[in-house]
Amino acid sequence: MAHRLGGVSETLFDDAGAEAQRSQEPLAVRMRPRTLDEVVGQRHLLGEGSPLRRLVEDDAPMSLFLWGPPGTGKTTLATVVSRATQRRFVELSAVTAGVKDVRAVIDEARRQMGMRGTRTLLFVDEVHRFNKTQQDALLPAVENRWVSFIGATTENPFFSVVSPLMSRSLLLTLEPLTDEDVRAVLERALTDERGLGGRYTLAGAAAEHLVRLAGGDARRSLTYLEAAALVAGTRPEIGVADVERAVDRHAVRYDRSGDQHYDVVSAFIKSMRGSDVDAALHYLARMIEAGEDPRFIARRIVVHASEDVGMADPMALQVAVAAAQAVELVGLPEARINLAQAVIHIALAPKSNAVIGAIDAALGDVRAGRAGPVPPHLRDGHYKGARELGHGEGYKYAHDFPGGVVAQRYAPDSVAEREYYRPTTHGAERRFGEVLERIKGVLRG
């Protein structure tokens, strides 16, 4: 359990002890921002007039949930808020704390408020790990404002936090840091006296490698930078080799905005299309290791599921969409498993491009002007005057006929004889092709 009162020490011994402790802290802790203006990223939460800034500047009681991936600044924001508002800061980890710990903090907060007028900010890290009983223990303190509460979570709080606590709190969503944000974090750590104090420079390629490895996680980038500085030793420049030795990961030659990006993505798609599951997994691994946005990877898998598998295995699209949802829900590194499952399923599925062929052929006809009038019997006959125009007259309700299919013209005359969907005999599409022929036989009368 961590306690701190507004960042103010009470004796010179406290100052000396705090300084000694800071010297032993990891780089990521030493470089933790002290004010809102020092926070990198999360501009949507920190801009002028934003809810978080107003809560801090107005020194108002608050109850917040900070939801976002690891290393995006949840603990940092909680610490900055406590300093800016001069509240007594108490930190609990939901991994180790129980109901007894929660109640002890609340009782002490009430005592401090009654005796000294000191307000308490309670920060609970990984709050999604609290069970219902532990979360319920927080409710009186939040509702009566005995504490200002901030809960940090990497999981969707709508699924992991009890409704009464959610309804009494403001939810703020943190986003992964951009590459530019991570570069700014690294540059500050290199020059700031709290960090490496200008003792090292970072080679351009090494900086880019650290940015890729960080994957939008500021804490990870600083942890790797500190390790690389230890490897560099007395040498003033940290190179790619130092980073690789420090984190035991070879630099993947991959530029997300250059030829390598497009080449690897192209090879990834073509390997799945060609049913080479091992090659597809290789390119998936390269993209993940290079720091590619997992949502981009998931989108390509979803597209491929319909473009190159389609009705030959209709489950492929469901698997791909489920993997994309898993990326949003759990993020990397765990979502690598979900992405791999989707890649394996799609690579091994029977292939058909009949779906993309069908929609592109239909679009081609529309763009070429083959978009005749809707047949009168299919037009809307519900509005006043429609029947006088003959709209809906003669329409045959399919459910009134055997098999739910009846001989009737549906397409405009201009494309009445066109056949867009041409099923293959691969996988499940063979069955759909047989169904299609039976239906067409009835429709033609």
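Residues numbered from 1 in each chain as written. Predicted model: local features only at pLDDT ≥ 70, side-chain atom pairs only at ≥ 80, totals over all residues. Heavy atoms only, no water.

An unreviewed UniProt entry annotates the protein chain as Recombination protein MgsA originating from Marinactinospora thermotolerans DSM 45154.

A. Highlighting the packing of aromatic side chains. Using the criterion set out here, one finds two aromatic pairs in the structure. For the pair phenylalanine 65 and phenylalanine 149, a centre-to-centre distance of 5.5 Å together with 75° between the ring planes defines the contact as edge-to-face. Within this pair, whereas phenylalanine 65 is found in strand β2 (residues 63–67), its partner phenylalanine 149 is found in strand β5 (residues 148–153), the two being separated by 84 residues in sequence. With relative accessibility at 1%, the residue phenylalanine 149 sits in the buried group. Plain terms: the ring middles of phenylalanine 89 and phenylalanine 123 are 6.3 Å apart, the flat faces sit at 20° to each other, and that makes the pair stacked. Of this pair, phenylalanine 89 sits in strand β3 (residues 88–93) while phenylalanine 123 sits in strand β4 (residues 120–125), and the two are 34 residues apart along the sequence. Its end group placed over the ring of tryptophan 146, arginine 110 keeps NZ or CZ at 3.8 Å from the ring centre. Here the basic side chain of arginine 431 rests over the ring of phenylalanine 432, its NZ or CZ set 4.6 Å away from the ring centre. (Phe/Tyr/Trp six-rings, centres within 6.5 Å; stacked < 30°, edge-to-face > 60°. Helix = DSSP H or I, 4+ residues; strand = E, 2+ residues; numbered from the N terminus. Buried < 20%, exposed > 50% of the residue type's maximum accessible area, 1.4 Å probe, protein only. Lys NZ or Arg CZ within 6 Å of the ring centre and 35° of its normal.)

B. Broad picture of the confidence of the model for the protein chain. Put simply, the protein chain has an average pLDDT of 84, and 89% of its residues get 70 or more. At the level of individual helices and strands, the protein chain shows its lowest average pLDDT in strand β1 (residues 2–5), which scores 48, and its highest in helix α18 (residues 335–348), which scores 94. Under a pLDDT of 50 for its full length, residues 3–10 has, in the predicted model, 18 contacts with residues more than four places off or in other chains. (pLDDT = per-residue confidence, 0-100. Contact = heavy atoms within 4.5 Å.)

C. Fine view of the pattern of salt bridges. Taken as a whole, this structure holds 20 salt bridges when the rule is applied. Among the ionic pairs, arginine 370 bridges to aspartate 365, the shortest N-O distance being 2.7 Å. When the shortest N-O distance is used, the salt bridge between arginine 409 and aspartate 413 registers 3.0 Å. Residues joined by salt bridges that share partners form a network here, namely Arg34, Glu38, Asp192 and Arg194. (Salt bridge = Lys/Arg side-chain N within 4 Å of Asp/Glu carboxyl O.)

D. Layout of the side chain of aspartate 308. With respect to the element layout, aspartate 308 can be found in helix α16 (residues 294–309). What makes aspartate 308 buried here is its relative accessible area of 8%. One polar contact links aspartate 308 to arginine 273, side chain to side chain, over a distance of 2.8 Å. A distance of 2.8 Å separates a polar atom in the side chain of aspartate 308 from a polar atom in the side chain of histidine 304. (Polar contact = N/O pair within 3.5 Å; in protein donor to acceptor, adjacent residues only side chain to side chain.)

E. Molecular detail of a nonpolar patch on the surface. A contiguous nonpolar patch, built from Tyr395, Tyr397, Tyr410, Ile439 and Leu443 and spanning about 450 Å² of accessible area, is present on the exposed surface. With respect to the helices, strands and loops of the structure, tyrosine 397 is situated in the loop between α19 (354–367) and α20 (429–443). (Patch = residues over 30% accessible without salt bridge, like charges linked within 9 Å, V, L, I, M, F, W, Y side chains within 5 Å. Areas by Shrake-Rupley, 256 points an atom, 1.4 Å probe, with all protein chains shown as cover.)

F. Expanded view of the packing of helix α10 (residues 179–191) against helix α11 (residues 204–214). Running from N to C, α10 and α11 cross one another at 120°; their axes reach a closest spacing of 10 Å. By the angle between their axes, α10 is oblique relative to α11. In this structure, the crossing between α10 and α11 has a hand that is right-handed. The segment α10 lies against α11, with Asp179, Val182, Arg183 and Leu186 engaging Ala207, Glu208, Leu210, Val211 and Ala214. Here the contact of α10 with α11 is composed, by residue class, of six nonpolar, no polar and three charged. (Axes fitted to C-alpha atoms, helices over the stretch in contact; angles between N-to-C directions. Parallel < 35°, antiparallel > 145°, perpendicular 65-115°, else oblique. Left-handed = near helix turned anticlockwise from the far one by under 90°. Nonpolar A, V, L, I, M, F, W, Y, C, P; charged D, E, K, R; others polar.)

G. Looking closely at the environment of glycine 98. Looking at the secondary structure, you find glycine 98 in the loop between β3 and α6 (99–116). For the pair glycine 98 and asparagine 131, spaced 33 residues apart in sequence, the C-alpha to C-alpha distance is 9.3 Å.

H. Broad picture of the nonpolar core. Tyr200, Leu202, Leu210, Leu222, Leu225, Ile238 and Val243 are the most contacted members of the largest nonpolar core, which has 31 residues in total. Contributing elements (two or more residues each) for this core: α2 (27–30), α10, α11, α12 (218–232) and α13 (240–247). With seven residues, α12 is the single largest residue contributor to this core. Among residues more than four places away in sequence, those in contact with leucine 225 are Leu27, Leu186, Ala189, Leu190, Leu196, Leu202, Leu210 and Ile238. (Core = buried A, V, L, I, M, F, W, Y, C linked by side-chain atoms within 4.5 Å.)

I. The arrangement of the pairing of β3 in detail. Across six bridges, β3 lies against β4 in parallel orientation. Across the sheet, residue arginine 88 finds its bridge partner in β4, namely threonine 120. You can see the chain leave β3, run along α6 and come back into β4, and the turn it takes is right-handed. (Pairing = 2+ DSSP bridges. Right-handed = clockwise from strand over helix to strand, strands pointing away.)

J. Structural context of α18. For α18, built from 14 residues, the straight-helix expectation of 20 Å at 1.5 Å per residue is met to within 8% by its first-to-last C-alpha distance of 20 Å. Among the residues of α18, Ala335, Leu339, Ala340, Ala342, Val343, Ile346 and Ala347 are the ones counted as buried. One side of α18 holds all its buried residues, which, seen down the axis, span an arc of 165°. More than 90 degrees from the buried face of α18, the exposed residues found are Ile337, Gln341 and Leu348. (Expected span 1.5 Å × (residues − 1). Arc of directions from axis to C-beta.)

K. Unusual backbone geometry, seen in detail. Omega for the bond connecting leucine 332 with proline 333 falls within 30 degrees of zero, at 10°, which places this linkage in the cis form. Looking at where proline 333 falls in the secondary structure, it is placed in the loop between α17 (315–330) and α18. Non-glycine residue arginine 145 carries a positive phi angle of around 60°. Arginine 145 sits in the exposed class, given a relative accessible area of 56%. Positive phi values are uncommon outside glycine, yet serine 275 reaches one of about 65°. As for its placement among the helices and strands, serine 275 is situated in the loop between α14 (259–273) and α15 (277–289). Taking relative accessible area as the criterion, serine 275 reaches 35% and is therefore assigned partly exposed.

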